Amino acid sequence: MTPGLEPRHRPLEMAARALREHHEVLDERPRALPSLEQIRGMREWLDRARQALAEPDPTATKAAEWLLDNDHLVQRAVVQIAQDLPPGFYARLPVPANPEAEGLPRILFISHSLLQATRLQLSLSSAIEYVNAYQEDAYLTIAELWALPTMLRLACLELLVVALGRLVPRLAPPFEATPPAMEPPSVEDTECVARAIANLGLIDSIQWKDFFDRTSQVEAILGRDAAGVYAHMDFETRDRYRKTVEELARHTTYAEHRIAERVVEQTRRNAGGGKSHGHVGYWLVGGGLEAFERSIGYLPPLQASWGRWLRRHVAPLYAAALFAATAVAVALPALYLAATEAHPLPLALIIGTTIALLPASVVGLTLVHWLATMILQPRLLPKLDFEKGIPPEYKTAVVVPTLLGSQEEAHELLEKLEGHYLANPKGAVQFALLSDYTDAPSERMPGDEGLVQILVDGIGRLNTRYGETGKGPFHLLHRPRLFNASEGCWMGWERKRGKLHELNLLLRGAADTSFIQTGQVPPERVRYVIALDADSRLPPGAATRLVATMAHPLNRARVDGPLGRVVEGYGILQPRVTAFLKAGGMSFFQRVF
């Protein structure tokens, strides 16, 4: 018995171990599963069941009530099974070697055994206990763990059909049930019908991501990476890593858990080789992937090799495709002019081609971009898991560079800053206005002090309403006008670019910036800055996702520098595109969302 396991769970362990003793996995595809191939027939069977149960036998009354009152659960399960278990995915499920399995997937037998061991009273904890006991000597694959909820639905439908068929013999089954469903049930048939239907609703409510995290051996092994980062990433990033492990295992002689062990060993051998070499992501999705593939004898399939070749030569291919598409678009009006015998022909061709060049380039650019999105899928950047908010070590400031033009604009700025906070209230994040006066013929203009005072008072009210320490989360950083000889007027130094540059200097400890004291305390120990235009809206959770992306070691190696970093959020409302700026003003674009 597993230490610390309650006695009531012992039958689950015993059932899992007894089943595992009969399972030696074969390297072959599973045969067609009748209940899966004929799952669409359940809808017709439900119609026949309604008619047959309109006046049921006394022994089937309770079962009829359960089915007639909850047939929507059955219909939903049919749709989910068809969607979640396509042929390609089903073909990856391992098959037990014993003849009794008849070439059916191992996870199907596990599903039926789990239902029998729990007397059709499924729960997340019982599923975890059973699967972990089964895996003491035999690991389940990633595909099997994800297939379990679908197989449980299918097993429930099989048990439902078999039990109701025994209660109402005239009701013909919609498919041939698999051998596990034909075994004598642990409960009588009426109760079997009721619990099978109830389990269909319960399966929808279980958090299967939690189940996977607590049962996957690959997940547990990757969590031991030398950098200690894997366990702190979000689920989608970890899932991307695991899919790479699946792909490598399918095309090598290594099992999935052995691939995971090899990559963890790689991180420990190279922990001092660079900022990200100690993280499993460097070897699974980063620059070390191809070296790791060679070490395990992996040969990428033709489609993957083709995609990699395209990415290596993306710049010349893009230029060539753009040139070719534009040339074709220009050639069409040129051929038309030649066909109509315009006179004088050379002059007509030159003028016509020149006129058509601009619209042709637009057509060519649109066509090339459309083809690029069809051929190459976007690659999402890895992220850490900041679901509970931005941690203090990644303290972030959301700043809004702006010009003070009128009292109405000042009140609107305060309202929008409050909106940014309400959309992103979690964690160590601060919000600041970086304000300048509008350009003017002199350093001071009537009404200047009144505008600043509106902001000072407004920031104070926001801090009173939402703040806890008296040092935020709202701040005001204001600059005076300086004379610009080239512009011939008084203005904020370098306008928006100057505000961000001086903010970066201020956060690095500079004491000679042009920001003036407004009674507001500047944010302290800020690591990242998200800059927004005054008319932009920060979507809910966007600040957390941006910082979670920047904080990941694979991305941090690209953008972190000794002088600090600024996250440029001017395009934050544009899907998938955000610019990351380093302190020196260098930038590059990456897909974030």
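Each remark here, short or long, concerns the structure printed above.
Computed from a predicted structure; not experimentally measured.

With that settled, consider the nonpolar core. Where a protein is soluble and globular, its nonpolar side chains tend to be buried together. Counting residues in hydrophobic clusters, the biggest one holds 135 residues, and the most contacted among them are L67 and L222. It is helix α9 (residues 142-167) that provides the largest number of residues to this core, a total of 18 residues. When neighbours within four sequence positions are excluded, L222 is seen to be in contact with Y230, R242, V245, A260, V263, V264, V280 and L284. The next biggest cluster of nonpolar side chains, apart from the first, holds eleven residues, and it includes L434, L477, V529 and A531.

Next up on the list: the pattern of salt bridges. Using the criterion set out here, one finds 33 salt bridges in the structure. Note that R258 is salt-bridged to E261, the shortest N-O span being 3.2 Å. With a gap of three residues between them, R258 and E261 both fall in helix α15 (residues 256-269), about one helical turn apart. On the basis of relative accessibility, which here comes to 25%, the residue E261 falls in the partly exposed class. Note that R497 is salt-bridged to E494, the shortest N-O span being 2.5 Å. Through salt bridges with shared partners, one network takes in D213, E219, R238, D239, R242 and K243.

For the structure on display, the rule yields twelve aromatic pairs. Between W146 and F235, the ring centres sit 5.9 Å apart and the planes meet at 85°, which makes this aromatic pair edge-to-face. Of this pair, W146 sits in helix α9 while F235 sits in helix α14 (residues 235-250), and the two are 89 residues apart along the sequence. According to the relative accessible area criterion, F235 is buried, its value standing at 13%. An aromatic cluster is built from Y421, F431, Y466 and F474, whose rings are joined through pairwise contacts. Here the guanidinium or amino end of R242 rests over the ring plane of F235, the centre of that ring lying 4.9 Å away.

Rules and cut-offs
Residues numbered from 1 in each chain as written. Predicted model: local features only at pLDDT ≥ 70, side-chain atom pairs only at ≥ 80, totals over all residues. Heavy atoms only, no water. Core = buried A, V, L, I, M, F, W, Y, C linked by side-chain atoms within 4.5 Å. Buried < 20%, exposed > 50% of the residue type's maximum accessible area, 1.4 Å probe, protein only. Helix = DSSP H or I, 4+ residues; strand = E, 2+ residues; numbered from the N terminus. Contact = heavy atoms within 4.5 Å. Salt bridge = Lys/Arg side-chain N within 4 Å of Asp/Glu carboxyl O. Phe/Tyr/Trp six-rings, centres within 6.5 Å; stacked < 30°, edge-to-face > 60°. Lys NZ or Arg CZ within 6 Å of the ring centre and 35° of its normal.

By themselves, these figures tell us nothing about what the structure is for.
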